[in-house]
Amino acid sequence: MQEKHKNISLRIKNIENKNQAITIDDDEPNIQKQIKQNEYQFDGEITPWLSQNTASIKHPTIRFHNEIIDFYDYIIPTSEEHRRREQAIMRVETFIKEFASEVDIQAFGSFKTKLYLPNADIDVVMIDKSMSAKELYKKVAQSLMKSDKFENVNLIANAKVPIIKFFEVESQYQFDISFNQMDGLKQIDEIRKAFTIYPEFKYLIMILKCMLKQRELNETYSGGIGSFLLFQMILAFLREIRKEAFANKKQEQLKNITLGEYILRFLEFYGQKFDYQRKRILMINGGSITNKPTPDDKFSLISPQDPDHDIGSGSFKIKEIFKIFANRFNFMSNYNFKPEESVLKYLINPSDQKFTFIKQI
């Protein structure tokens, strides 16, 4: 993926414009507009995000970069999709306030940033300081289970942060409700700030969310990597990239990193370089990686808000996840991509089946 091409500039002149597609210089050989026989066949169900213009780019490095932008533009919610979620939240809030009028109900997480997959859960926190989280949990659970407005109510009481999962019947959106937990709300401004500092962030998080969701490794309570933990992992990685560049006085090279390279370096960082058995990640004070007091088999990433809260320790499938990262890095770094084929599909749809998140365009 690091090959160089004569008269082809991969340089992104301004890091603030990372979301601009790379254009091909005038002396690039004419791009074939039609798919040639016996070459990759463009398939709108396997790779619905891939535009014909991007598929026609001959150089895989450039094609990968532009395809990531195609995917992001395809997968993010439309204003209508977001409005439907807002209406579903309002209906849930109206129902809850019928029996708990003093409860403050707020959505957080990816709903606030609008960086969620089409079938993503809606994260909601209910706050009532007049009762304990356990009391509030029990009260809400009983009401939800009696109502015909909700289905598949799943009580996850033994998780580190107890939640209730359920589907709202009218919208068929799944909700995850937590109680008297302020961490998610406190992080909203920090998340938005990170997206401003690191313009590549939003692309990484959508692709990695898709990878994890497809492999059923996106729920922390079941040993995977949830959205909040994934955000912190990406932030830690990007901080390390910048620290390394500034330490070696190579900060100008940050402008040359394509989105595809960021993805591969993330997979390499956690899949091959980071020793999770001996190291831990601290998010406070600009972030750092330090030795664990005692080596173990748990992934350790310490919350930016609470030094006693290890938000990585619950991800007991981390060895499996990091092995997948290493596998995909090795494959993507060595595979000889065919002309006009999708590069990104080898991360998010390697089985060549109908894409999980087909959207109506």
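In case you missed it, the structure is sitting above this.
Residues numbered from 1 in each chain as written. Predicted model: local features only at pLDDT ≥ 70, side-chain atom pairs only at ≥ 80, totals over all residues. Heavy atoms only, no water.

Our focus in this paragraph is empty space enclosed by the protein. Evaluation of the coordinates by the stated rule reveals two cavities of 30 Å³ or more. As a volume, the largest cavity reaches approximately 40 Å³. Around the largest cavity, the lining residues are Ala236, Arg239, Glu240, Lys243, Ile281, Leu282, Met283, Gly286, Gly287, Ser288 and Ile289. Contributions of two or more residues to the lining of the largest cavity are made by helix H9 (227–247), strand E6 (279–282) and strand E7 (288–291). Looking at the lining of the largest cavity element by element, the count peaks at four residues for H9. Of the volumes computed, that of the second largest cavity is approximately 30 Å³. Met211, Leu212, Arg215, Leu217, Ile321, Ile324 and Phe325 are the residues that line the second largest cavity. Listing elements by their share of the lining of the second largest cavity, those giving two or more residues are helix H8 (201–214) and helix H11 (318–334). Considering every element that reaches the lining of the second largest cavity, the biggest residue donor is H11, with three residues. (1 Å grid on protein atoms, 1.4 Å probe; cavity = no way out; pocket = protein on both sides within 12 Å on 5 of 7 lines; lining within 4 Å. Points joined across faces, edges and corners; volume = space filled by probe spheres on them. Helix = DSSP H or I, 4+ residues; strand = E, 2+ residues; numbered from the N terminus.)

Grouped burial of nonpolar side chains is what soluble globular proteins tend to show. Core analysis: the largest hydrophobic core is formed by 98 residues, its most contacted members being Tyr270 and Phe299. Here this core spans two domains, and each of domain 1 (79–184) and domain 2 (198–346) adds at least three residues to it. Excluding residues within four positions of it along the chain, Tyr270 makes contact with Met233, Ala236, Phe237, Ile281, Phe299, Phe322 and Phe325. Judged by nonpolar contacts, the second largest core, of five residues, contains Phe108, Val125, Ile127 and Ile188. (Core = buried A, V, L, I, M, F, W, Y, C linked by side-chain atoms within 4.5 Å. Buried < 20%, exposed > 50% of the residue type's maximum accessible area, 1.4 Å probe, protein only. Domains from an automatic or database assignment. Contact = heavy atoms within 4.5 Å.)

Geometric values such as these leave the question of function open.
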